[in-house]
Amino acid sequence: MNKQELVASVAEESGLTKKDVEKVINALVDSVTEALKAGDKVALVGFGTFEVRTRAARSGRNPQTGDAIAIPAGKVPAFRPGKELKESV
């Protein structure tokens, strides 16, 4: 399901217009992004939790040349599904 299909599905379920639903989805994505940038967790009870995890530095290989390369430490967004979402899938 892509964004437009999600908008159409939510609009049909809620009775709102697609334009209004798209604004809500964009606002949700922006809010989650800003919270993660600030280092906060976003917990949607029953759905899951968005958080930022820190990856340690590690070594890897360049697939074209086979040379060893150093992969620096970094922060990555992560999603942990909630109990209800796990059970429904």
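Just above, that's the structure.
Here the structure is a predicted model, which means the values were calculated and not measured. (Residues numbered from 1 in each chain as written. Predicted model: local features only at pLDDT ≥ 70, side-chain atom pairs only at ≥ 80, totals over all residues. Heavy atoms only, no water.)

(A) Structural context of the packing of helix 1 (residues 3-14) against helix 2 (residues 18-37). Two elements in contact, helix 1 and helix 2, have axes separated by 9 Å at closest approach and are oriented at 115 degrees. As for the relative orientation of helix 1 and helix 2, their crossing is right-handed in sense. Of the residues in helix 2, those in contact with K3, Q4, L6, V7, A8, V10, A11 and S14 of helix 1 are K18, V21, E22, I25 and N26. For the contact of helix 1 with helix 2, the per-class residue count stands at seven nonpolar, three polar and three charged. (Axes fitted to C-alpha atoms, helices over the stretch in contact; angles between N-to-C directions. Helix = DSSP H or I, 4+ residues; strand = E, 2+ residues; numbered from the N terminus. Left-handed = near helix turned anticlockwise from the far one by under 90°. Contact = heavy atoms within 4.5 Å. Nonpolar A, V, L, I, M, F, W, Y, C, P; charged D, E, K, R; others polar.)

(B) Up close: the environment of K23. Topologically, K23 is positioned in helix 2. A relative accessible area of 55% means that K23 is categorised as exposed. For the pair formed by K23 and V7, sequence separation is 16 residues and the distance between their alpha carbons is 9.5 Å. (Buried < 20%, exposed > 50% of the residue type's maximum accessible area, 1.4 Å probe, protein only.)

No statement about biological role is implied by the geometric values presented.
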